[in-house]
Amino acid sequence: MVADVALMLLVGAFAVTVVLQWLTVWCARRLSIHAHPNERSFHDRPTPTGGGVAFVAVMLGYLVWLALSGAASALALAAAGTAVAAAGLWDDLRETSPALRLLVQGVAAGVCVWILLPQAQWLLVLAVFIGLVWHINLYNFMDGIDGIAGVQTLVFAVGAHVVAGGVAGWPGDLLWLCVGSVTAFLVFNWPPARVFMGDVGSGFLGLLIGALAVLLWQQQSLPLAASLILLAGFWLDASYTLIVRILTGQSFTQAHRSHLYQKVALRRGHLWTTVCFLLYAVFWLMPLAWLSARFPADFPPATLLWVLPAAAPLAAAAWWLRAGTPEPQNHE
């Protein structure tokens, strides 16, 4: 029965999103809503953007339906997700100020923390709040080559079910819905991409995945260490690169192409980089996430030590390729 529901959600979300995605691409082309090559991008021609609207609509529709049924956590996710997606869409259409985007992200993260951690100590609340705001932004930073943001989303959604032996309740259903809709998006975004998800999609996914990680941890469905391991490819690259840029005195708010994944893509291309990212996640991160859940430490914070072997190869690669530092002039 559970398998039937999961299959129905997968197939239904995929079918609906494919149709919406085709319409989104058509509208973007008709209205000339394109992402143009810049200092951060790796494409050499204008490409339709804002494609995240399709999967955002599917998942927000489900969250709103849950909220009307009385699920407070779903209501918080729906409200916060709508705000972040709307701000992202506006930025895709007309560039908005970083301060306004950060304000919207802060309010959205605050709503999620207020609902998901009602009895928590203030230090935990503050840490989760900062983590959610950072996760929204790092998803945007990491959405710089074809397919990679969609792949990271699938790794978390599928990995959560695998590690937990099936996530129960509406969070589990939402994860299957996410798998179906994001897979449909990847049909259009797989290298070479015909559409980009834009800030509307990356911001929404950053909030949704981060909030679900907190929710599943609080419900004791998925250890926090397991979520951090499944998401290591994104948070380590983004955090390492940001720290290096700050320490070396660079203007870290400016667009750049010095993330680890960008360094690799510059040398090997979009497809090679995205496929390697997927293989690393499936054959290294997922097994480690499973082990962290099966063999937790007696002292809860020590469970986070499982994150170290997950992050170590990425940190070594970031150091080797000098992530966070500009490429030599002859590579540009």
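Definitions and limits used
Residues numbered from 1 in each chain as written. Predicted model: local features only at pLDDT ≥ 70, side-chain atom pairs only at ≥ 80, totals over all residues. Heavy atoms only, no water. Helix = DSSP H or I, 4+ residues; strand = E, 2+ residues; numbered from the N terminus. Rg over C-alpha atoms; globule rule 2.2 N^0.38 Å. Buried < 20%, exposed > 50% of the residue type's maximum accessible area, 1.4 Å probe, protein only. Salt bridge = Lys/Arg side-chain N within 4 Å of Asp/Glu carboxyl O. Expected span 1.5 Å × (residues − 1). Bend = angle between axes of the 7 residues up to and from the residue. Contact = heavy atoms within 4.5 Å. Core = buried A, V, L, I, M, F, W, Y, C linked by side-chain atoms within 4.5 Å.

**Q** Please provide a residue-by-residue account of the overall build of the protein, values included.
**A** When helices and strands are counted, the protein shows 13 helices and 2 strands. Taking 20 Å as the expected radius of gyration for a compact globule of 332 residues, we find that the protein reaches 19 Å, a close match to that expectation. Dimensions along the principal axes, computed over C-alpha positions, put the protein at roughly 55 × 45 × 35 Å. Taken across its 332 residues, the protein has 51% of its residues classed as buried.

**Q** Talk me through unusual backbone geometry; I want residue IDs and the actual numbers.
**A** Pro192 follows Pro191 through a cis peptide bond whose omega is -5°. In this structure, Arg322 is a non-glycine residue whose phi angle is positive, near 60°. On the secondary structure map, Arg322 appears in the segment after helix H13 (307–320). Under the relative-accessibility criterion, Arg322 is labelled exposed at 53%.

**Q** Residues and numbers for the pattern of salt bridges, please.
**A** Summed over all chains, the structure comprises 1 salt bridge. Between Arg101 and Asp91 there is a salt bridge, with the nearest N and O atoms lying 3.2 Å from each other. Taken together, the residues Arg101 in helix H4 (residues 98–116) and Asp91 in helix H3 (residues 72–93) connect sequence positions 10 residues apart.

**Q** With reference to specific residues and values, describe helix H12 (residues 270–294).
**A** End to end, H12 covers 35 Å across 25 residues, agreeing with the expected 36 Å (1.5 Å per residue, within 8%). The largest bend in H12 is about 35°, located at Ala281. Along H12, the residues that are buried comprise His270, Thr273, Thr274, Phe277, Tyr280, Ala281, Leu285, Met286, Leu288, Ala289 and Ser292. Taken together, the buried residues of H12 touch helix H6 (148–164), helix H9 (224–230), helix H10 (232–247), helix H11 (260–268) and H13.

**Q** A description of the nonpolar core should follow, citing residues and the corresponding values.
**A** Core analysis: the largest hydrophobic core is formed by 95 residues, its most contacted members being Met59, Leu63, Phe156, Trp170 and Leu174. The residues touching Met59, leaving out its near neighbours within four places in the chain, are Leu174, Leu177, Cys178, Ser181, Val182, Phe204, Leu205 and Leu208.

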